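In case you want the letters, here they are:
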Amino acid sequence: MFYQNLMLMKTKLFNIKITFTLLMFAFIFLFANCRRKDECAGVQGPPPTSTHFDSLELTKIPDWKGDSLFFYSDAGDTAYMYCYDQSPPNHYESESYINPLPCNYTSYSYYPYQAYYYRSNEPTLNGLYVEFYKEANGYQWSPGPPVSRVLIPKLDGFTLNELGFNVTPNDSVKLEDGSISFGWKNRDAATTMNLKFGFLKINFQKSLVKWTIYKYKLKN
C-alpha cells in the first residue's frame, strides 16, 4: 500500500512538472509575440531614399523631343527616326524590397529617370527608345556610389559619363552639311551615340545592316 501511494505521489509530481513546464513555454511564447507586436506596432520602415542627377549630369540630359534623324544603310536604303515623346523632366521611378527584420516592412528607393521614344518608317528602327537613369540607392550594379546610365533596350547601353560633346572620337560621322560629329561606341560596338543628336550609327547584329546618320532636323 505504501509503495502504491509513493508511486502515485511521484506520478502527480511528474504531471505537475510537465504542466508547469508547458505553462512556462506558453507564457514565454505569448510574451515574445506580445513584445514583437509592440515592437512592430506602427512601424512603417525607414523613410524612402532617393538618388538624383548631379548638376553636371543634368546639363548632359538632352531634350530630343521633336527631333528628326535621317539615316542611310550600307545596303543603300534610307530611313528616318522621329523622337515623338519623352517622359516629363524630373520623373522618378521606384525600387522596393521587403525587409524581414525586426518587422516586415517595405523599403523604397527612388531614382531619376528620363526616357525618349522613337518612330520610324523602317521596321527595325521603329519603337526604339533610350533611357537615362541613375541607379537607386541599394540597387547599384557594382560597389560604390550610384552610377548614371544610358540604356537602349534593343541594343545595349552606356554610362552617362561616356557621352558628351568633347569625347575621344573613336567613332565619328560626316554629316550632310560637311561637319564631323563625334560619337561613342557601346561595348558591343553596335551603337554610336552622342548627346546632341542621339543615334549616329545603329548596327543590329541579327540583321547585319548598319544605319548611319546623314541628315538631321532639330526642332529649334
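It should be noted that the structure appears before, not after, this text.
Position numbers for residues count from 1 along each chain, tracking the sequence in the order it is written. Local features are withheld for residues below a pLDDT of 70 in this predicted model, meaning they are given only at 70 or higher, and side-chain atom pairs are given and counted only at 80 or more; totals for whole chains, interfaces and linings count all residues. Here the side-chain values reflect all heavy atoms present in the structure, with hydrogen atoms and water set aside.

**Q** Any chance you could break down the overall build of the chain for me, citing the residues and the numbers?
**A** The helix and strand labels rest on DSSP assignments: H or I over at least four residues marks a helix, E over at least two residues marks a strand, and numbering proceeds from the N terminus. Per the secondary structure count, the chain includes two helices and 13 strands. Scored against the burial criterion, the 220 residues of the chain give a buried share of 34%. Accessible surface computed for the chain: about 14000 Å², of which carbon and sulfur atoms make up 59%. Only protein chains enter the calculation, and the probe is 1.4 Å; a residue is then buried if its accessible area is under 20% of its type maximum, exposed if over 50%, and partly exposed in between. For the accessible areas, the method is Shrake-Rupley and the probe is 1.4 Å, while residue cover comes only from the protein chains on display.

**Q** How would you sum up the environment of G183? Please name residues and give values.
**A** In this structure, G183 sits in strand β10 (residues 180–185). Separated by 21 residues in the primary sequence, G183 and E162 have C-alpha atoms spaced 9.5 Å apart.

**Q** Can you break down the nonpolar core residue by residue, with the values?
**A** Formed by 29 residues in total, the largest nonpolar core has its most connected members in M81, Y118, V130, F199 and I202. Counting only elements with at least two residues in this core, the list comes to β2 (68–73), β3 (78–86), β5 (105–120), β6 (129–134), β12 (198–204) and β13 (209–217). When residues in this core are grouped by element, the largest group, four residues, is from β12. Whether two residues touch is decided by their heavy atoms; if any such pair falls within 4.5 Å, the residues are in contact. Not counting residues up to four positions away in its chain, the partners in contact with M81 are D67, S68, L69, F71, Y118, R119, S120, L125, L128, F199 and I202. Put simply, buried Ala, Val, Leu, Ile, Met, Phe, Trp, Tyr and Cys residues joined by side-chain atoms within 4.5 Å make one nonpolar core. Counting residues in hydrophobic clusters, the runner-up holds five residues, among them Y111, Y113, A115 and Y133.

**Q** Talk me through the side chain of S87; I want residue IDs and the actual numbers.
**A** Relative to the assigned elements, S87 resides in the loop between β3 and β4 (92–99). The buried category is assigned to S87, whose relative accessible area is 10%. Ignoring sequence-local partners within four residues, the contact set of S87 consists of Y113, Q114, A115 and Y117.

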